[in-house]
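# Residue-level structure breakdown
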Amino acid sequence: MLKTFFLILVLNGISGSLLSQSATGSVCGKVSEKFNTESVIGASIVLLENTSGASVGSISDLDGNYCLNNLQPGTYKLIVSYVGYQKTVVNQVIVVAGKKTTCDVQMEGIVLEEVVIDCQVRHARYTSISCSKISYNTANVSSSIRSKRKGRSRNRSPKPAKVYNTEEYARINDNAFKEVGKNPLSTFSVDVDKASYSNIRRHISQGNLPPADAVRVEEMINYFHYTYPQPKENEPFSITTEYTECPWNKEHNLVHIGMRAREIKADSVPANNLVFLIDVSGSMDEPDKLPLLKEGLSLLIGQLKPKDRVAMVVYAGAAGVVLNSTSGTHKEEIEEALKNLEAGGSTAGGAGVQLAYKIAKENFLQGANNRVILATDGDFNVGVSSDGELTRLVEEERESGVYLTVLGFGSGNYKDSKMEQLADKGNGNYAYIDNISEAKKVLVKEMNATLHTIAKDVKLQIEFNPTKVKAYRLVGYENRLLADEDFNNDKKDAGDMGAGHTVTAIYEIIPAGSSEALPSVDPLKYQTMQASAGSANDEVMTIKCRYKKPGKLKSIRLSQVVTNERKSFDETSENCKFSCAVAEFGMLLRNSEFKGSSSYKSVLKQAKAAKGDDDEGYRAEFISLVEKAETMNK
């Protein structure tokens, strides 16, 4: 039941020191339970402007408080929702310039009794592919939702304890040094996925060091935003390089490559045609799975504009449509469909993927972002479920112009390897959501980067000068390596960059003239490798890059030279220092044979020195994780 009321609000003046001098106001308040006034933590707060339909969103903090600032004067509608509570709507919230509007909200708990699909009771189990009409019967709770849940739990059989950990990760073998005389080219696809870092954070937060194969160093580095220069006009991204000494091996050098994609202005963001593909199987019946998933997608719904459209497909034993494609102006209808999902049954993931792509293609918007957002723990076990079958299915579907974003949830049975492959083959990206703050980062703060592609199939190829470089090693990107001939092959798929994305790559260099021994083969009998006349210059390497504009089939080539002007590591930018600290941490977690003199002490020293402006606190959190990992390692 939707609870709606009108509220006459008291406008409290606040000092100019607390507000910007611009003609804006704010709405702040506290979310609590109606019957016992306890704070509701993590409630979704959405404020809609009544005339334009524009929206802003937030979540309530640990005390139940929220505050929405820099609002244009006008009349708004406030929508507050959280799992297990009636959605609460305040229809008239007046924002006055220079004032703070106080709007406290009390929420009532509900119990989801049953789900009716096509007039048949399914007891919250989606078993029919034709569930186009759906309604929900709910009962009010006369006391707090916590008390009601406690009472119901006495009638349930206890859940069996988790005994087995069936998480799956693809094996990673660290990139080794390659001799330039035999391997002058290094070719790889960019990677903007960030799932590995948040998954590592989950392991460490739970008191465990992560499995070595859960550590993808490039995803750890690229989790953080770097202040690389904005691209030049008409170019999709910039490329910045630094040449310095290697902090974990003083006999080696290091080349740091940073890319920054062009931002998209708010009024230029294309429309979204989204299909939420949600796993409601029994394996999702955990607090860090379906409940967290619903909270996270609710944040995304709060960002929708009237031109956007959303459909919702669920899958358990079979797949079904629970929300046909709906305009972003109907946020309440979308929220209602999301709120009432429950978990149960086996996992027919393949059928869900096929149905989601079908819905996306039926509602395809030219010039828009057409995308399926798959939210799951990856534990598919019915129908099309093997990695090979699923990736082939996604590869075929991406040709339609519908891309795939994968959001991973949960632990114990988490299938990281499967989800990484799906996102890779689906021209999309992959994030792991371990808490509501990460959901807000991925689906609100970085929504444009997550959803809006500005450069497709981005590949890098590095040619090393043998008179300056004896051997090289790419740090990370082990599962993004390409054959050298793939660089010029426009049919070869590679990673995409979204608006505002930053991508970092680090090469460890053994300088020419080094006496360091490398693995070798017998001398060639029929040919010799000789440096060309072009190597007699001051260039260390040439960086070549190819990318495609969205919707285009032919790639565009860029190139840039790195000269032999080496800085000391102390002279490098905060970007270089911090990303190298993250790389060292990754090598320590993997116990890499190439970690050299890396230590937790050196990681902490570099990270603290390069923390810089850290408004969101992500770098401070990294430092805390390193400290925890150091303690566990001891």
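Residues numbered from 1 in each chain as written. Predicted model: local features only at pLDDT ≥ 70, side-chain atom pairs only at ≥ 80, totals over all residues. Heavy atoms only, no water.

## Things to note about the overall build of the protein
- Secondary structure assignment for the protein yields 13 helices and 29 strands.
- Taken across its 634 residues, the protein has 55% of its residues classed as buried.
- A separation threshold of at least 6 residues defines the contact pool for the protein, and within that pool the share at least 24 residues apart is 77%.
- With the model as given, the accessible surface of the protein reaches about 27200 Å², and the carbon-plus-sulfur share is 48%. (Helix = DSSP H or I, 4+ residues; strand = E, 2+ residues; numbered from the N terminus. Buried < 20%, exposed > 50% of the residue type's maximum accessible area, 1.4 Å probe, protein only. Contact = heavy atoms within 4.5 Å. Areas by Shrake-Rupley, 256 points an atom, 1.4 Å probe, with all protein chains shown as cover.)

## Quick word on unusual backbone geometry
- Even without being glycine, Tyr477 reaches a positive phi, approximately 65°.
- Residue classification places Tyr477 among the buried residues on the basis of a relative accessible area of 1%.
- Of note, the phi angle at Asn591 is positive, near 50°, even though the residue is not glycine.
- Structurally, Asn591 is set in the loop between α11 (574–590) and α12 (600–609).

## Notes on the nonpolar core
- With 38 residues, the main nonpolar core has Met220, Phe224, Trp248, Ile506, Phe578, Phe585 and Phe622 as its most contacted residues.
- At the level of secondary structure, the elements contributing two or more residues to this core comprise α2 (195–205), α3 (217–222), α11, α12 and α13 (618–633).
- The greatest single-element share of this core, amounting to ten residues, is contributed by α11.
- Those residues in contact with Ile506 that lie beyond four places of it in its chain are Ile221, Trp248, Leu254, Val255, His256, Arg473, Leu474, Val475, Ser579, Cys580 and Ala583.
- Counting residues in hydrophobic clusters, the runner-up holds 37 residues, among them Phe276, Ile278, Leu290 and Ala316. (Core = buried A, V, L, I, M, F, W, Y, C linked by side-chain atoms within 4.5 Å.)

## Topic: the confidence of the model for the protein
- With 84% of its residues at a pLDDT of at least 70, the protein reaches an overall mean of 83.
- Here residues 1–21 is modelled with pLDDT under 50, and outside its nearest four sequence neighbours on either side it reaches 49 contacts, counting other chains as well.
- Contacts for the low-pLDDT stretch residues 111–163, under 50 throughout, to residues beyond four places or in other chains number 101 contacts. (pLDDT = per-residue confidence, 0-100.)

## Observations concerning the sheet that holds strand β17 (residues 253–261)
- An order of β14-β25-β27-β17-β16 is seen for the five strands of this open sheet, with the pairing classed as antiparallel. Either end of the sheet is taken by a strand with one partner, and the two such strands are β14 (178–179) and β16 (237–245).
- Judged from the five bridges that link them, strand β25 (residues 469–474) and strand β27 (residues 502–511) form a sheet pairing that is antiparallel. Residue pairing in the sheet places Leu474 in a bridge with Tyr507 of β27.
- Against the sheet, α11 engages β16, β17, β25 and β27, with an angle of about 110° to β17. (Pairing = 2+ DSSP bridges. Axes fitted to C-alpha atoms, helices over the stretch in contact; angles between N-to-C directions.)

## Some points on the state of the cysteines
- Inspection of the entire model under this criterion finds one disulfide.
- Cys580 forms no disulfide, and the closest cysteine sulfur to it belongs to Cys576, at a distance of 4.1 Å. (Disulfide = S-S within 2.5 Å.)

## Some remarks on the pattern of salt bridges
- Counted according to the given criterion, the structure contains 30 salt bridges.
- A salt bridge links Lys425 to Glu395, with the nearest nitrogen and oxygen atoms 3.9 Å apart. Placement of Lys425 in helix α8 (residues 416–425) and of Glu395 in helix α7 (residues 387–398) is noted, with a sequence separation of 30 residues between them.
- Overall, Lys425 belongs to the partly exposed group, its relative accessible area being 28%.
- Taking relative accessible area as the criterion, Glu395 reaches 28% and is therefore assigned partly exposed.
- For the salt bridge of Glu446 with Lys441, the shortest nitrogen-to-oxygen distance reads 2.8 Å.
- On the basis of relative accessible area, Lys441 is assigned to the buried category, the value being 2%. (Salt bridge = Lys/Arg side-chain N within 4 Å of Asp/Glu carboxyl O.)

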